[in-house]
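These are the residues of each chain, in order.
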Amino acid sequence: MMLSRLSEWFWNERLWFPEGLGWADLEDRDGLTYAKASDLWVSLPIALAFLIIRQIFERTVAIQLAAALGVKEKVRPQAAHNPTLESYFRITSKNPKQGEIESLGKKTGYSESQIHRWFRRRRNEERPNKLKKFKEASWRFTFYLLAFIAGLAALIDKPWLYKMKEMWAGFPMLTLLPSQYWYYMIELGFYMSLLFSVASDVKRKDFKEQIVHHVATILLISFSWCVNYIRAGTLIMLVHDASDYLLESAKMFNYAGWRKACNYIFIVFAVIFIITRLVIFPFWILHCTWVYPVTVYPPFFGYYFFNGLLFVLQCLHIFWAVLILRMAIKFLPGNNIVEDERSDREETDTEDDEEEQEDRKNGPVQNGHSPLNNNHHRKTE
């Protein structure tokens, strides 16, 4: 009974349509087809298909591409086997404080520098390697590039691509085109697959923001489909796909060590991102979804809900723009490579060189423990 009332309230026409319009206006008739909420179930098998295709892609195409670009994984120094430190690492903390380091030193006979090095190497063991990052980036690059090309092909001859107000012409009785149907279902299925795999993907500093972005995108695509905001939805998806493939390709060249290519692509990405996300999206698309509709219809809940999701996306655009500018500032003085500010960078042993040399001069420490092997390795992304 409660679910029935909730469903009745949720699908109330007064929530999602302007006064005088409703679901009856979106019923198929005279050979014309309109979007329906039931169509969204198709996105679930598509999302599952993406997860399967991704595994195949990363194990075949991505591996071959990594080899062709020369992606090389440096051998990481392994933390020496020590049950006491391992137990502390797994149960208590991966980053012990100074007082805890002194206590662990007494239990193991390790010097403070050796304990710092052991935990640093142990943390590095749990970080994703460069090849895993490359495979993820190559998968996203492939989808975003193909999605942008397909979206552009689907919209290139549509009047609302050039005149934004056309997206509301005849609303809500906007007939559904096959190209719009597949563009929507494939995009929705892809973002659902990203949400399903986020726990196993490389975690970055903006992990929470990525979750918010994926959820907001899925809600936005689903809602715009249900109430036939499809023209606006296709424009929004196209704007987002316009720069994403450039960022992923810059990451790929970063992991492969192609420094100049990475930097040049990053510059192009930054310019396109700023133009599409901070200019076109808020001042063209958002303006047309927020300002223009109220000149045609009185405001209603669906109007506020749709634009609320768009404002959430815009806040995320600003957040990511700050990260991009921070990377750009690092790049301008002549850095060799642009690093992804969101990445969890690998720690190095080089800071402990002096302590290690001192340990070797002093010989084995107490309780018969010899100094840890100091295999130097450079910082990787």
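Only a predicted model underlies this, so the values are computations on that prediction, with no experimental measurement involved.

Q: Please explain the nonpolar core as it appears in this structure.
A: One broad rule of soluble globular proteins: the nonpolar side chains tend to lie buried together. If you look at the biggest cluster of nonpolar residues, it comprises 89 residues, and the most contacted ones within it are Met167, Trp225, Tyr229, Leu235 and Phe306. Among the elements that line this core, the one with the most residues is helix 11 (residues 230–256), at 16 residues. Core analysis: the next-biggest nonpolar cluster, separate from the first, contains 10 residues, Ala79, Ile101, Leu104 and Phe119 among them.

Q: Even after reading the chapter, I still don't get the packing of aromatic side chains, so can you show me in this structure?
A: How two aromatic rings sit relative to each other is set out by the distance from centre to centre and by the angle between their planes. The tally for this structure, following the rule as stated, stands at 27 aromatic pairs. Summarising the aromatic geometry, the rings of tryptophan 139 and phenylalanine 190 are spaced 6.4 Å apart at their centres and angled 40 degrees between planes, so their arrangement reads as tilted. Taken together, the residues span a long stretch of sequence, with tryptophan 139 in helix 8 (residues 130–155) and phenylalanine 190 in helix 9 (residues 178–197) at a distance of 51 residues. Classification of tryptophan 139 by relative accessible area gives buried; the value is 6%. Ring centres of phenylalanine 301 and phenylalanine 305 lie 6.0 Å apart, and the angle between their planes is 20 degrees; this geometry places the pair in the stacked category. Taken together, the residues phenylalanine 301 and phenylalanine 305, both in helix 13 (residues 301–331) and 4 residues apart, mark about one turn of the helix. Given the relative accessible area of 39%, phenylalanine 301 is considered partly exposed. The exposure class of phenylalanine 305 is partly exposed, given its relative accessible area of 30%.

Q: Please clarify how unusual backbone geometry should be interpreted in this entry.
A: Across the chain, the bulk of peptide bonds are trans and the bulk of non-glycine residues have phi less than zero. At asparagine 228, a position not held by glycine, the phi torsion is positive, near 65 degrees. Within the element layout of this structure, asparagine 228 appears in the loop between helix 10 (207–226) and helix 11. According to the relative accessible area criterion, asparagine 228 is buried, its value standing at 1%.

Rules of the game
- Throughout, residues of each chain are indexed from 1 in the direction in which the sequence is written.
- In view of the model being predicted, local features appear only for residues whose pLDDT reaches at least 70, and side-chain atom pairs are presented and counted only at 80 or more, with totals across whole chains, interfaces and linings using the full set of residues.
- As a rule here, side-chain values come from all non-hydrogen atoms in the structure, and water together with hydrogens is ignored.
- The set of buried Ala, Val, Leu, Ile, Met, Phe, Trp, Tyr and Cys residues whose side-chain atoms join them within 4.5 Å is what this entry labels a nonpolar core.
- Working definition: with a 1.4 Å probe on protein chains only, accessible area under 20% of the residue-type maximum means buried, over 50% means exposed, and in between means partly exposed.
- Helix and strand definitions follow DSSP, with helices as H or I runs of at least four residues and strands as E runs of at least two, each counted in order from the N terminus.
- Aromatic rings from Phe, Tyr and Trp, with only the six-membered ring used for Trp, were paired whenever their centres fell within 6.5 Å, and each pair was classed as stacked if the ring planes differed by under 30 degrees, edge-to-face if by over 60, and tilted otherwise.

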